[in-house]
Amino acid sequence: MKTNLAQLKKGQKAVITDFNVDAIPLKLLEMGCLPGNEVELLQIAPLGDPIYINVSDSHVSIRKETAAEIDVILITE
């Protein structure tokens, strides 16, 4: 199922398919947030923003606004 990173629920895993290059910080790309890489939502802040993800063995906190620009496909287990 195609969705975006901001819509994942805690514990869900997905594969990055596409993203808006203009909306994604370069540092996030350097940490492995690239198409084809697996991402897992680890935690959501109490007020819903930011979210804490694991991508390419890097633990990263990003804003939901940025996460919404990253398209993913859910991995079914």
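Attention in this report is confined to the structure presented alongside it. (Residues numbered from 1 in each chain as written. Predicted model: local features only at pLDDT ≥ 70, side-chain atom pairs only at ≥ 80, totals over all residues. Heavy atoms only, no water.)

Concerning unusual backbone geometry
Part 1 of the argument: The omega torsion of the bond from Asp49 to Pro50 falls at 5°, within 30 degrees of zero and hence cis.
Part 2 of the argument: Within the fold, Pro50 resides in the loop between β3 (38–44) and β4 (51–55).
Part 3 of the argument: Positive phi values are uncommon outside glycine, yet Ser56 reaches one of about 50°.
Part 4 of the argument: Using a relative accessible area of 38% as the deciding quantity, one classes Ser56 as partly exposed.
Part 5 of the argument: A positive phi angle, close to 60°, is found at Asp57, a residue other than glycine.
Part 6 of the argument: Structurally, the position occupied by Asp57 is in the loop between β4 and β5 (58–62). (Helix = DSSP H or I, 4+ residues; strand = E, 2+ residues; numbered from the N terminus. Buried < 20%, exposed > 50% of the residue type's maximum accessible area, 1.4 Å probe, protein only.)

Some words on the side chain of Asn4
Part 1 of the argument: Looking at the element boundaries, Asn4 is found in strand β1 (residues 2–4).
Part 2 of the argument: Engagement of the side chain of Asn4 in a polar contact is seen with the backbone nitrogen of Ala6, the distance being 3.0 Å.
Part 3 of the argument: Filtering out sequence-adjacent residues up to four positions away, Asn4 remains in contact with Ala67, Ala68, Ile70, Asp71 and Val72. (Polar contact = N/O pair within 3.5 Å; in protein donor to acceptor, adjacent residues only side chain to side chain. Contact = heavy atoms within 4.5 Å.)

Here's the deal with the environment of Ser58
Part 1 of the argument: Positionally, Ser58 belongs in strand β5.
Part 2 of the argument: Taking relative accessible area as the criterion, Ser58 reaches 17% and is therefore assigned buried.
Part 3 of the argument: On a C-alpha basis, the gap between Ser58 and Cys33 in space is 9.4 Å, while along the polypeptide they are 25 residues apart.
Part 4 of the argument: Residues contacting Ser58, with those up to four places away along its chain left out, are Met31 and Ile53.

Digging into the nonpolar core
Part 1 of the argument: Counting 21 residues, the largest nonpolar core has Leu5, Ile16, Val39, Ile53, Ile62 and Ile70 as the members making the most contacts within it.
Part 2 of the argument: Of all the elements in the fold, those that place two or more residues in this core are β2 (13–19), α1 (26–30), β3, β4, β5 and β6 (70–74). (Core = buried A, V, L, I, M, F, W, Y, C linked by side-chain atoms within 4.5 Å.)

Examining the environment of Glu65
Part 1 of the argument: Here Glu65 is to be found in helix α2 (residues 64–67).
Part 2 of the argument: Taking C-alpha positions, Glu65 is 16 Å from Ile16, a pair spaced 49 residues apart along the chain.

Interpretation note: all reported values are geometric properties and have no functional meaning in isolation.
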